[in-house]
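Survey of secondary and tertiary structure
What follows is each chain in one-letter form.
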Amino acid sequence: MRVLKFFLLLLLLASCKNENKNAEGNDVVEEHTYVDSLYTIDDSFKVGDVRRYGIEPGKGIGQHPTLLKDKLDVLLDISETGIEIFFPKGIYDRTFNIENRKNIKINSDSATFTGAINIKNSELIKIDGVIQSLSRFYTQNAKSISVDVIITETNVEDKMNNLRSTGVSIHGGSEDITIKKVLIKDSGSGPQQYKYIKAGFIVHGHNNEPREIKIDTVIVESSDRHGVYLTGEEIDIKYLNVKKFGVGSGENMARMEGGIEGEQLKFSGLWIKNCHNSFIDKAIIDLSDSKGTYSVNFDIGEEFRPTVIETLILKGTNLNTTLKQRTFSRTGVRVENIIEK
């Protein structure tokens, strides 16, 4: 009898515990539902879908009618509550600024922003899927950023202005940046608006250089100025391919941060300067349709913490004999295998 009573008591305690668990879970669900309801405009779309909150590709974005703040800022508010935000495929005629944010998760089905995608003073930002910009992708003072695929390209038909895209810039204070693929279809040059555009893909800073940058693939299809410029610490690129560079103008171009006036105008396919403890598995620089001064420019660095390139392939050297290799007398770049063809 005592054994039976003890067994029943255990069952009762277990039942109470499960009820408490369910109650806590319901509280969480109810809280999420309540929070989401504050932002919802069209509940026919799933929680997290931007269309639920009044943003549709191909249409104006503007202010949230209830909260009276920018709808893109509302999306980021929602994401910071723990909800993943989903952008369906299409054109969003806006710049997308992620500033002073933490714990943002976005899923993009090839969403294209006509303006820049900027991540500044933020951390723990995750972007799954393919995201595109008709302007640029830029990070500054950003930490623990993860992106699947970023594409930049020019398409003036879908923009309010006729400015060209300007590639990808990972700027000072950026740390722990992981990207699977960077595809830069072109990077422009010209009037004053392009003053600070140095390269199709650039990792740069001065006294606060980026660090812990890990990228599987970087492809620069065309850049008016330098193809790739790298400075920083612990930059790891598995595959880098510059197909065309130096085909534009250096007019109005500012000097590199910490650099000497004039050297920024000597366009190169790959320029590495003060880049430490870094590694590139394979780099391909195509000179066939490129212009400028150098095929590669291995600038000043430190041998005891070098940038190692496992394989460097220079294509089209027989078609373009004007672009020379430049290796500084005290460079920090070490190339294990070089192939010219």
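Calculation notes
- Residues numbered from 1 in each chain as written.
- Predicted model: local features only at pLDDT ≥ 70, side-chain atom pairs only at ≥ 80, totals over all residues.
- Heavy atoms only, no water.
- pLDDT = per-residue confidence, 0-100.
- Contact = heavy atoms within 4.5 Å.
- Helix = DSSP H or I, 4+ residues; strand = E, 2+ residues; numbered from the N terminus.
- Buried < 20%, exposed > 50% of the residue type's maximum accessible area, 1.4 Å probe, protein only.
- Core = buried A, V, L, I, M, F, W, Y, C linked by side-chain atoms within 4.5 Å.
- Phe/Tyr/Trp six-rings, centres within 6.5 Å; stacked < 30°, edge-to-face > 60°.
- Salt bridge = Lys/Arg side-chain N within 4 Å of Asp/Glu carboxyl O.

Focus: the confidence of the model for the protein chain
Chain-level statistics for the protein chain give a pLDDT mean of 90 and a share of 89% at 70 or above. Contacts for the low-pLDDT stretch residues 1-31, under 50 throughout, to residues beyond four places or in other chains number 0 contacts.

A word on the side chain of Ser187
Along the polypeptide, Ser187 turns up in the loop between strand 10 (175-184) and strand 11 (199-203). Owing to a relative accessible area of 1%, Ser187 belongs among the buried residues under this scheme. Once residues within four sequence positions are removed from consideration, Ser187 is found in contact with Arg164, Ser165, Thr166, Gly167, Ile197, Ala199, Gly200, Ser222, Ser223 and Asp224.

Details of the environment of Phe245
Relative to the helices and strands, Phe245 resides in the loop between strand 13 (226-242) and strand 14 (268-276). For Phe245, a relative accessible area of 0% corresponds to the buried category. C-alpha of Phe245 to C-alpha of Glu221: the two residues are 24 residues apart in sequence and 8.3 Å apart in space.

Side note on the nonpolar core
Core analysis: the biggest nonpolar cluster contains 63 residues, and Phe87, Phe201, Leu230, Leu270 and Ile285 have the highest contact counts within it. With 6 residues, the top contributor of residues to this core is strand 13. Ile285 has contacts with Leu240, Val242, Phe245, Gly269, Leu270, Ser295, Val296, Leu312, Ile313, Leu314 and Lys315, leaving out every residue within four places of it along the chain. One finds Ala199, Ile202, Met256 and Trp271 within the second-largest nonpolar core, a separate group that totals 7 residues.

Examining the packing of aromatic side chains
Taken as a whole and judged by the stated rule, the model has 6 aromatic pairs. With a centroid separation of 5.5 Å and 75 degrees between ring planes, the pair formed by Phe87 and Phe113 is classed as edge-to-face. With Phe87 in strand 1 (residues 85-87) and Phe113 in strand 4 (residues 102-113), this residue pair connects regions lying 26 residues apart in the sequence. Across the pair, Phe113 and Phe87 agree in class, each one buried.

Overview of the pattern of salt bridges
Scanning all chains against the criterion turns up 20 salt bridges. For Glu84, the salt bridge is made with Lys105, and the minimal N-O distance between the two is 3.7 Å. Placement of the pair is Glu84 in the loop between helix 2 (71-79) and strand 1 and Lys105 in strand 4, with a sequence separation of 21 residues. Of the residues examined, Lys105 reaches a relative accessible area of 36% and is grouped as partly exposed.

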